[in-house]
Amino acid sequence: MFNKLVGLKALLLFFTLSLLVRSAQMSVDAAVTSPPILPTVENAKEQLKDPSQSTNQMQQVMAGVDDKDTDAEMSAMLNDEGVRTETGTESNKDTDTKTGTMMDQKMEHKEKDWWKHMTLYQIYPRSFMDSNGDGVGDLQGIIMKLPYLAETGIEAIWLSPIYKSPMVDFGYDITDFKEIHTEYGTMKDLEMLITEAKRLGIKMIMDFVPNHTSDQNIWFEKSVSREDGYEDFYMWADAKMDKDGKRMPPNNWQSVFYGSAWTWNEKRGQYYLHQFTSAQPDLNFRNPKVVEAMDEVMRFWLDKGVNGFRIDAINHLFEDAELRDEPLTGKTDDKHSYEYTEHVYTKDLPEVMSMLQHWRKLVDDYTMKHGGPARIIMTEAYADLKTIMDYYETHDGKKGAHFPFNFNLITDLNEKSDARDYVFEVQKWLIYMPRGYTPNWVMGNHDNVRMATRFGPKRVDAMHMMLMTLPGVAVTYNGEEIGMQDNRDITWEDTVDPPARNVGREKYKEVSRDPARTPYQWNTQKNAGFSSAEKPWLPVHPNYKHLNLKQQMSQPSHYSVYKSLVELRKMPAMCRGQFRAEVLNRDVFAFEREVKGDNSVITVINIGPRARAVNLTEVFGLKYQQQLTVLVAGSKSTHSTGNALPADALPLAPYEGLVCMLE
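### A word on the sheet that holds strand β16 (residues 578-583)
Strand order in the open sheet formed by 6 strands is β16-β17-β18-β23-β20-β21, with antiparallel pairing between adjacent strands. The open sheet has two edge strands, β16 and β21 (644-646), and neither has a second partner. On average, adjacent strands in this sheet sit at an angle of 30° to one another, irrespective of strand direction. In terms of strand pairing, strand β17 (residues 588-594) meets strand β18 (residues 600-606) through 6 bridges, oriented antiparallel.

### Description of the side chain of N478
Mapped onto the elements, N478 comes out in the loop between β15 (473-477) and α16 (498-503). Judged by its relative accessible area of 3%, N478 is buried. When sequence neighbours within four positions are dropped, the list of residues in contact with N478 reads Y121, Q122, I123, Y124, F128, R450 and Y520.

### Re the sheet that holds strand β6 (residues 236-237)
Judged by pairing direction, the sheet is antiparallel, and its 3 strands sit side by side in the order β6-β10-β9 without closing on themselves. The open sheet has two free edges, formed respectively by β6 and β9 (262-265), since each of these has just one partner strand. Inspection of the sheet shows β6 paired to strand β10 (residues 270-273) by 2 bridges, in the antiparallel sense. Within the sheet, the bridge partner assigned to A237 lies in β10 and is Y271.

### Topic: the packing of aromatic side chains
Considering all chains together, one arrives at 38 aromatic pairs under this definition. Joined through ring pairs, the aromatic side chains of Y163, F177, W219, F220, Y230, F233, Y234, W236, Y272, F300 and W301 make up one cluster. The cationic tip of K145 hangs over the ring face of W522; the distance from NZ or CZ to the ring centre is 4.2 Å. For R501, the ring lying beneath its charged end belongs to W492, and the centroid distance is 3.8 Å.

### Notes on the packing of helix α6 (residues 139-152) against helix α7 (residues 187-199)
Two elements in contact, α6 and α7, have axes whose closest approach is 9 Å; the angle formed by their N-to-C orientations is 15°. Between α6 and α7, the crossing angle belongs to the class labelled roughly parallel. For the pair α6 and α7, the sense of crossing is left-handed. For the pair α6 and α7, contact is made by L139, Q140, I142, I143 and L146 and by D189, L190, M192, L193, E196 and A197, respectively. Grouping the amino acids of the contact of α6 with α7 by side-chain chemistry returns 8 nonpolar, 1 polar and 2 charged.

### Considerations on α7
Think of an α-helix as turning once every 3.6 residues; residues three or four places apart then point the same way. Helix length check: α7, at 13 residues, gives a terminal C-alpha distance of 18 Å against a target of 18 Å (1.5 Å per residue), a fit within 8%. Burial in α7 covers these residues: M187, D189, L190, L193, I194 and A197. Buried residues in α7, looked at end-on, bunch into an arc of 160°, giving them a common side. Relative to its buried face, α7 has exposed residues pointing more than 90 degrees away, namely K188, T195 and R199. Buried residues in α7 make contact with α6, β2 (156-159), β4 (176-180), β5 (203-208) and α9 (288-304). One or two residues past the end of α7 sits G201, with phi positive at roughly 80°.

### Regarding helix α13 (residues 419-432)
Taking 1.5 Å of rise per residue, 14 residues should cover 20 Å, and α13 covers 20 Å from first to last C-alpha, within 8% of that figure. Considered for burial, the residues of α13 that qualify are A419, Y422, V423, E425, V426, Q427, K428, W429 and L430.

### Examining the side chain of T438
Turning to its location among the elements, T438 is positioned in the loop between α13 and β14 (440-442). With relative accessibility at 8%, the residue T438 sits in the buried group. Residues within four places of T438 in sequence aside, it is in contact with W115, K116, Y392, F403, M433, G472 and V473.

### A short note on the pattern of salt bridges
Per the stated rule, a full pass over the model turns up 35 salt bridges. Here the residues in one salt-bridge network are D169, D447, D497, R513 and R517, joined through shared partners.

### Considerations on the packing of α7 against α9
Look at α7 against α9: their axes get within 10 Å of each other, and the N-to-C directions meet at 60°. With respect to each other, α7 and α9 are oriented oblique. Of α9, the residues touching α7 (which contributes M187, L190, E191 and I194) are F300, W301 and K304.

Scoring rules and cut-offs
- Residues numbered from 1 in each chain as written.
- Predicted model: local features only at pLDDT ≥ 70, side-chain atom pairs only at ≥ 80, totals over all residues.
- Heavy atoms only, no water.
- Pairing = 2+ DSSP bridges.
- Helix = DSSP H or I, 4+ residues; strand = E, 2+ residues; numbered from the N terminus.
- Axes fitted to C-alpha atoms, helices over the stretch in contact; angles between N-to-C directions.
- Buried < 20%, exposed > 50% of the residue type's maximum accessible area, 1.4 Å probe, protein only.
- Contact = heavy atoms within 4.5 Å.
- Phe/Tyr/Trp six-rings, centres within 6.5 Å; stacked < 30°, edge-to-face > 60°.
- Lys NZ or Arg CZ within 6 Å of the ring centre and 35° of its normal.
- Parallel < 35°, antiparallel > 145°, perpendicular 65-115°, else oblique.
- Left-handed = near helix turned anticlockwise from the far one by under 90°.
- Nonpolar A, V, L, I, M, F, W, Y, C, P; charged D, E, K, R; others polar.
- Expected span 1.5 Å × (residues − 1).
- Arc of directions from axis to C-beta.
- Salt bridge = Lys/Arg side-chain N within 4 Å of Asp/Glu carboxyl O.

None of the figures reported here should be taken as evidence of function without further support.
See below:
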């Protein structure tokens, strides 16, 4: 009992010191108005007398995790000493031997599982930090900002493509997979980044783009010329002829980026397939030489010291060998739209899983041979849930990715979603995920509307509380830790995103990804401190004067909340606690993370526009007068770290989230 009290006090002290004193209200988001009258404990009890606060809609999901040896490990963490034996009969030599063996086993386990609870931070290099004033972010800029990421507690970074490229699709059209694009720097810069990240305890994940290359890649040039060994390196097909003898593409397949997926090459006298831009011809993965070439790319970067790969657009790797027309959806009459057909012959083919399993074996074998931390694979695929779960492992038990990215929080939730939707999306993933695997949660990325724009600026802190207290991997897109928003006012003249340019001036804003890719807002200086250039590659969001990292580091803010949550994830309950989710009403939901014999952590989120009061004793089986102690509160909350709140009448302001410890 004494140890638990000591542990509780230590944790409270730790989190109290980690947060700034909330003595001033912050106006980070221009759209945020003065908050309404906040609920109190007294009127909360009165509200709960209303039968409309019933919890009949409750739903549960349990994700079991190992809680073995929790008390001993917690004691060691807080007291900086191992668990002592009481008999004292063993010799020091035996004790030292056993201790050494245990430490070796623990280190081996840590290296194997380092990624299972990581906070993964996506860096879009072009927009992160420009070190040389050319208006484009670069590798030296990332190196400059590594101390910031380490101070924040980031455990791994994932870089969007930095390879040599004509930049038609900003790095996803690759000329040479083993060279660095000159705007980003040199191979020495990349090696320096890997070394410095390692020194700071940050793992590094590279983007791996196997589906296609640039049309300026030497492989493509050789394939066009039908050079030996490269004749079938890409997807080539003869033309069809209409009744008038006019040349037509081989079938009705469309590009993801609008228009036909086929482009005629005059020199070769055939069409080539490109599921994205015409400057990105698709590789032919039915050719063993292509597989070996991409294997070699993987080994090259593993030898450089990267810790794994995020595989881009993996479900596009294979197409129907017979090139059959795809069935029509009936959603649109526009034959150039990607919505025109059902993509049954160009996505999610069974061969994709075999290729993924091949690459999983490659990285596992590499780790086995070279030792050190596990090299991991994560995949990007927008597909139905059952298909996505096959990326973990197929029905025959063959392993694929360490985890496939979970985009449900992006694709299926928005500012109109209620508490039931949030819990349902969490439940779905945990229910369908194969037992023994690691969940992950992606709140934003370079291809989608930013979190603060999608959910509204007032919900930023609450969304981070949800993201960071769910089990498994938490993925943050750069800038979301400070609540950056989409710049929806980028003009047609400044728009550079290929899909937006393809659809034209009238519709570009509907599809452009540029608004979510604007430069990072570091401070109030020129171009938000991103670049000294007269004009950066994309316009900086005009709100940077009041929404930037420098201001947020000196006062209660989205960033201070985010950083506290990253620290919170080190607690035993966060690392391996059982998980349970509950819907309290249409506005409020809660998570509990529980480790046997230790303090539980409860996250409560009100995503609605009105004040609420909730009774957690009815939900989590708590004692009527049990107290909750605030660990993390929102940047505008009236609650502070260390405050005691009643579990039977917990007051929540509109859009407020709280992370509390159950005493």
